[in-house]
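What follows is each chain in one-letter form.
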Amino acid sequence: GQQLNQSPQSMFIQEGEDVSMNCTSSSIFNTWLWYKQDPGEGPVLLIALYKAGELTSNGRLTAQFGITRKDSFLNISASIPSDVGIYFCAGQQGGGADGLTFGKGTHLIIQP
Amino acid sequence: AAGVIQSPRHLIKEKRETATLKCYPIPRHDTVYWYQQGPGQDPQFLISFYEKMQSDKGSIPDRFSAQQFSDYHSELNMSSLELGDSALYFCASSSGRNYEQYFGPGTRLTVT
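Here is a short report on the structure shown in this document. As the structure is a computational prediction, the values presented were derived from the model and not from experiment. (Residues numbered from 1 in each chain as written. Chains lettered and ligands numbered in written order. Predicted model: local features only at pLDDT ≥ 70, side-chain atom pairs only at ≥ 80, totals over all residues. Heavy atoms only, no water.)

1. Quick word on the overall build of chain A
In terms of regular secondary structure, chain A is built from zero helices and eleven strands. Each helix and strand of chain A, ordered N terminal to C terminal, gives the series β-β-β-β-β-β-β-β-β-β-β. Against the 2.2 N^0.38 benchmark of 13 Å for 112 residues, chain A shows a C-alpha radius of gyration of 13 Å, consistent with a compact globule. Taken along its principal axes, the extent of the C-alpha atoms in chain A is 40 × 30 × 20 Å. When the 112 residues of chain A are sorted by exposure, 45% land in the buried category. (Helix = DSSP H or I, 4+ residues; strand = E, 2+ residues; numbered from the N terminus. Rg over C-alpha atoms; globule rule 2.2 N^0.38 Å. Buried < 20%, exposed > 50% of the residue type's maximum accessible area, 1.4 Å probe, protein only.)

As structure tokens, then:
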């Protein structure tokens, strides 16, 4: 099946730094979603992207839907300790009731 | 705001036993999805239902079945449990044409 290549796998950064992570695929996706997951909890939706080229912000988070529809990135500005967690990209190829394909996740660790 | 409710939150079963997981979607959401997440892995899509009809199917074993009821809640039935079925099981819900999937807190299944 389709795969999403998410990088980096982990990031060790200082509080206040900006963070950037991305997902790429060999397949076209119609929707890109970004989630954050804390250990033992369900993924929390951060940003949803629906159109190629779309740039969307949610507070300190900014995400873009790549022009080719095969990639997406997420930026976090001025990181704070509560940003720690695992960030997943997820893509949907079909319609509204189709399942998501997830990337392997980016583990964000912030050093105060 | 109301979120997705899953029960039970924890379940311990022995090999070859059966298990039933329940999911109550966000009010007015008509689509439910089931995902399985192994330790250190990304969520894997199992199956989805829209308006009580199966919509999309992922890597769901033949030993598993699911359905969505008239009140939109869903149940995942798992039979002949194997050690490898130990995982977090998430339910997500969405509304109609809105592709944003909101995840529940998960059910942690341990098979001994």
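2. Focus on the interface of chain B and chain A
The interface is formed by 24 residues belonging to chain B together with 22 residues belonging to chain A. Surface buried jointly by chain B and chain A totals about 1700 Å² across both partners, of which 55% is contributed by carbon and sulfur atoms. It is Asp42, Tyr99 and Phe103 of chain B that lose the most area in chain B upon contact with chain A, and together they represent 34% of the buried surface on that side. Our count for the chain B to chain A interface comes out at one salt bridge. (Contact = heavy atoms within 4.5 Å. Buried area = accessible area lost by both parts, 1.4 Å probe. Salt bridge = Lys/Arg side-chain N within 4 Å of Asp/Glu carboxyl O.)

3. Quick notes on the state of the cysteines
What is meant by a disulfide is a covalent connection between two cysteines, made through their sulfur atoms. All names here are of chain A. Taken as a whole, this structure holds two disulfides over all chains when the rule is applied. Between the sulfur atoms of Cys23 and its disulfide mate Cys89 the distance is 1.6 Å. Residues Cys23 and Cys89 are joined through a disulfide that is left-handed, its torsion about the S-S bond being -75 degrees. Note that Cys23 is positioned in strand 3 (residues 19-24) and Cys89 in strand 9 (residues 85-92), a separation of 66 residues in sequence. (Disulfide = S-S within 2.5 Å.)

4. A closer look at unusual backbone geometry
In this structure, Pro8 of chain A follows Ser7 of chain A across a cis peptide bond, with omega equal to -5 degrees. Mapped onto the elements, Pro8 of chain A comes out in the loop between strand 1 (5-7) and strand 2 (10-14). Following Ser7 of chain B, the chain continues to Pro8 of chain B via a peptide bond in cis, the omega torsion being -10 degrees. Considering the arrangement of structural elements, one finds Pro8 of chain B in the loop between strand 1 (5-7) and strand 2 (10-13). Even without a glycine there, the phi angle at Arg69 of chain A is positive, about 65 degrees. Looking at the element boundaries, Arg69 of chain A is found in the loop between strand 7 (61-65) and strand 8 (71-76).

5. Examining the sheet that holds strand 6 (residues 55-58) of chain A
Residues and elements named next belong to chain A. Pairing is antiparallel in the open sheet, where five strands are placed in the order 1-3-8-7-6. The two strands at the open ends of the sheet, each matched to only one other strand, are strand 1 and strand 6. Neighbouring strand axes in the sheet, compared pairwise and without regard to direction, differ in orientation by 15 degrees on average. Of the pairings in the sheet, the one linking strand 7 to strand 8 comprises five bridges and is antiparallel in character. (Pairing = 2+ DSSP bridges. Axes fitted to C-alpha atoms, helices over the stretch in contact; angles between N-to-C directions.)

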